[in-house]
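Structure at a glance
The primary structure of each chain is shown beneath.
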Amino acid sequence: MTRALTLAVCQTGPIQRAASRAETVDRLLHLLETAAGMGAELAVFPEMALTTFFPRWHLTDADEIAAFFEAAMPGPDTARLFDAAARLRCGFALGYCEAASDGRFNTAVLAGPDGGVIGKYRKVHVPGSDKPQDGTTVHLERLYFDPGNLGFPVFDYQGVRVGMAICNDRRWPETYRMLMLNGAEVALIGYNTPLVLAEAPAFAHLRMLHNHLPMQAGAYQNTLWVAAAAKAGLEDGQALIGGSCIVAPTGEIAALAMGLGDEVIVHRADLDLIAACRRVNFDFAAYRRPDQYRAIAEQAGPPD
Ligand code: CDT
């Protein structure tokens with residue numbers, strides 16, 4: 001019998017700053033119910049799915065910044081989502097801003113089909129700057145978030161090995177490699193990707209290529225399923241790309257979101273395809289040469 005897991009990607013449209021948590025959680029609940037109605041067993045929501053992508057602004061008021069963070073997960077606003085997971089027997093990965101005792105993190109929590117917390121991941125590759133620049137659109141994630149300190153954990157989800165990554169992580173080959181080496185069969189990714197970067201406006205037409213290219217390569221080169229959810233559309237004046245997708249271990253896009261609003265896509269992921277792809281090209285144990293790759297772990301970039 002084929003091993004399979006039905007994956008759902010719950011893309012959201014913009015979540016404006018004016019939206020209350022209750023309003024936003026209502027939207028996420030509706031998406032989860034839709035996903036479960038389509039047969040999903042595990043869903044992924046975007047990065048920072050409870051709030052607007054506030055690092056586009058330079059904020060200085062501590063209370064104003066703290067309002068974007070969750071002190072507990074589940075918390076008073078989000079418990080309904082975990083209850084729904086249990087009711088629908090459909091777990092999820094949810095991106096949120098985590099206020100923890102050891103720092104502030106851009107985090108995703110993995111909820112099980114019983115509504116319990118399985119584990120969490122904290123974004124390793126935090127992009128942008130910690131210094132506001134005069135007059136230009138900024139990306140100040142490094143001002144508000146500490147770099148993730150949990151590595152790339154992989155969790156058991158109903159007998160399937162599941163890992164997570166967040167937005168900029170998806171551009172780095174090490175993300176998928178670490179997930180594969182830790183045993184992942186499925187990688188769940190959420191993202192908020194501006195259509196135009198102030199520092200590279202000429203690349204605007206490449207944003208979707210550079211969205212799918214690394215995820216397809218990561219899935220193929222590591223023989224994983226990738227399910228990735230965008231927060232899309234015009235959010236508080238900034239255009240975010242869509243392109244949410246489910247990518248097979250062959251590198252093929254198995255399902256693709258059409259629009260820039262709330263949308264669910266579903267695909268029954270054949271987990272046996274992983275072994276088939278490994279047999280064709282990527283018998284890691286037989287062919288990988290970790291002894292020849294030392295620089296990958298020891299150097300950040302090319303020598304000076
Ligand atoms: N959220 C996030 O990580 N966004 C980045 C874009 C900003 S890079 C300055 C991304 O890689 O999509």
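Use the structure listed above.
Overview of the structure. From a predicted model like this one, the values you see are computed outputs, not experimental measurements.

1. With respect to the layout of surface pockets
Any empty space left between the atoms is revealed when a probe the size of a water molecule rolls over them. Volume-wise, the largest pocket comes out at about 560 Å³. For the largest pocket, the lining is made up of 21 residues, of which Pro173, Glu174, Arg177, Ile296 and Ala297 are closest to its centre. At 6 residues, the largest contribution of residues to the lining of the largest pocket is made by helix H5 (residues 173–181). Class assignment for the residues of the lining of the largest pocket results in 12 nonpolar, 4 polar and 5 charged. Taken as a whole, the second largest pocket holds about 280 Å³ of empty space. Lining the second largest pocket are 22 residues, with Pro127, Gly128, His139, Leu197 and Glu199 sitting closest to its centre.

2. Remarks on the packing of aromatic side chains
Counted according to the given criterion, the structure contains 10 aromatic pairs. Residues Phe82 and Phe92 carry aromatic rings whose centres are separated by 5.1 Å and whose planes lie at 70 degrees to one another, so their mutual orientation is edge-to-face. In this pair, Phe82 is assigned in helix H3 (residues 79–88) and Phe92 in strand S4 (residues 91–100), connecting sequence segments 10 residues apart. For the pair formed by Phe82 and Phe92, the shared burial category is buried. Of the aromatic side chains, those joined through ring pairs into one cluster are Phe54, Phe68, Phe69, Tyr144 and Phe145. Above the plane of the ring of Phe69 lies Arg104, whose end atom (NZ or CZ) is 4.6 Å from the centre. Cation over ring: Arg122 sits above Phe105, and NZ or CZ is 3.9 Å from the ring centre.

3. Points about the state of the cysteines
Enumeration according to the criterion identifies 0 disulfides in this entry. Between Cys97, a free cysteine, and Cys167, which holds the nearest cysteine sulfur, the sulfur-to-sulfur gap is 12 Å. The class for Cys97 is buried, based on a relative accessible area of 2%.

4. So, the pattern of salt bridges
Under the counting rule described, the total for this entry stands at 17 salt bridges. Linking Glu70 and Arg21 is a salt bridge whose minimum nitrogen-to-oxygen distance equals 2.8 Å. In this pair, Glu70 sits in strand S3 (residues 69–70) while Arg21 sits in helix H1 (residues 21–37), placing the two residues 49 residues apart along the sequence. For the pair Glu70 and Arg21, one class covers both residues: buried. Among the salt bridges present, the one from Lys120 reaches Glu98, with a minimum N-O distance of 2.6 Å. Placement of the pair is Lys120 in strand S6 (residues 117–122) and Glu98 in strand S4, with a sequence separation of 22 residues. Lys120 gets classed as partly exposed once you look at its relative accessible area, which sits at 30%. It is possible to trace a salt-bridge network through shared partners that takes in Glu98, Asp102, Lys120 and Arg122.

5. Describing the site of the ligand
The environment of the ligand is formed by 13 residues, the closest being Lys123, Cys167, Asn168, Arg171 and Thr193. In this structure, Lys123 approaches the ligand through a side-chain N or O atom, which is 2.8 Å from an oxygen atom. A distance of 3.3 Å separates an oxygen atom of the ligand from a polar atom in the side chain of Glu141. For the ligand, the accessible surface in isolation is 350 Å², of which the surrounding protein chains cover 93%. Given that more than half its atoms are within 2 Å of the pocket grid, the ligand belongs to the second largest pocket.

6. Some points on the environment of Leu260
You can see Leu260 is positioned in the loop between strand S14 (253–256) and strand S15 (263–270). Through-space distance from the C-alpha of Leu260 to that of Ala232 is 5.0 Å; in sequence the pair is 28 residues apart. Those residues within four positions of Leu260 in sequence are excluded, and the remaining contacts are Gln11, Thr12, Gly13, Pro14, Ala232, Gly233, Leu240, Ile241 and Gly242.

7. What to know about the packing of H1 against H3
Between H1 and H3, the shortest axis-to-axis distance is 10 Å and the interhelical angle comes to 15 degrees. The angle between the axes of H1 and H3 places the two elements in the roughly parallel class. Along this stretch, H1 crosses H3, giving a crossing that reads as right-handed. Facing Ala22, Val25, Asp26, Leu28, Leu29, Leu32, Glu33 and Ala36 of H1, the residues of H3 in contact are Arg80, Leu81, Ala84, Ala85, Arg87 and Leu88. Class assignment for the residues of the contact of H1 with H3 results in 10 nonpolar, no polar and 4 charged.

8. Notes on the sheet that holds strand S8 (residues 160–166)
Ordered by their spatial adjacency, 6 strands build an open sheet running S7-S8-S9-S10-S13-S14, and the pairing between neighbours is mixed. Edge positions in the sheet fall to strand S7 (154–157) and S14, since each of these pairs with one other strand and no more. Strand-to-strand twist across the sheet, computed as the mean angle between neighbouring axes with direction ignored, equals 20 degrees. Pairing analysis gives 3 bridges linking strand S13 (residues 245–247) to S14, with the strands arranged antiparallel. Note on S14: the bridge partner recorded for Ile246 is Ala255. Where H5 meets the sheet, its contacts fall on S7, S8, strand S9 (186–191) and strand S10 (225–230), and the angle it forms with S8 comes to roughly 160 degrees. Together, S9, S10, S13 and S14 form the strand contacts of helix H6 (residues 207–222), whose direction differs from that of S13 by roughly 30 degrees.

How each quantity is defined
Residues numbered from 1 in each chain as written. Predicted model: local features only at pLDDT ≥ 70, side-chain atom pairs only at ≥ 80, totals over all residues. Heavy atoms only, no water. 1 Å grid on protein atoms, 1.4 Å probe; cavity = no way out; pocket = protein on both sides within 12 Å on 5 of 7 lines; lining within 4 Å. Points joined across faces, edges and corners; volume = space filled by probe spheres on them. Helix = DSSP H or I, 4+ residues; strand = E, 2+ residues; numbered from the N terminus. Nonpolar A, V, L, I, M, F, W, Y, C, P; charged D, E, K, R; others polar. Phe/Tyr/Trp six-rings, centres within 6.5 Å; stacked < 30°, edge-to-face > 60°. Buried < 20%, exposed > 50% of the residue type's maximum accessible area, 1.4 Å probe, protein only. Lys NZ or Arg CZ within 6 Å of the ring centre and 35° of its normal. Disulfide = S-S within 2.5 Å. Salt bridge = Lys/Arg side-chain N within 4 Å of Asp/Glu carboxyl O. Near = heavy atom within 4 Å. Polar contact = N/O pair within 3.5 Å; in protein donor to acceptor, adjacent residues only side chain to side chain. Areas by Shrake-Rupley, 256 points an atom, 1.4 Å probe, with all protein chains shown as cover. Sits in = over half its atoms within 2 Å of the grid points. Contact = heavy atoms within 4.5 Å. Axes fitted to C-alpha atoms, helices over the stretch in contact; angles between N-to-C directions. Parallel < 35°, antiparallel > 145°, perpendicular 65-115°, else oblique. Left-handed = near helix turned anticlockwise from the far one by under 90°. Pairing = 2+ DSSP bridges.

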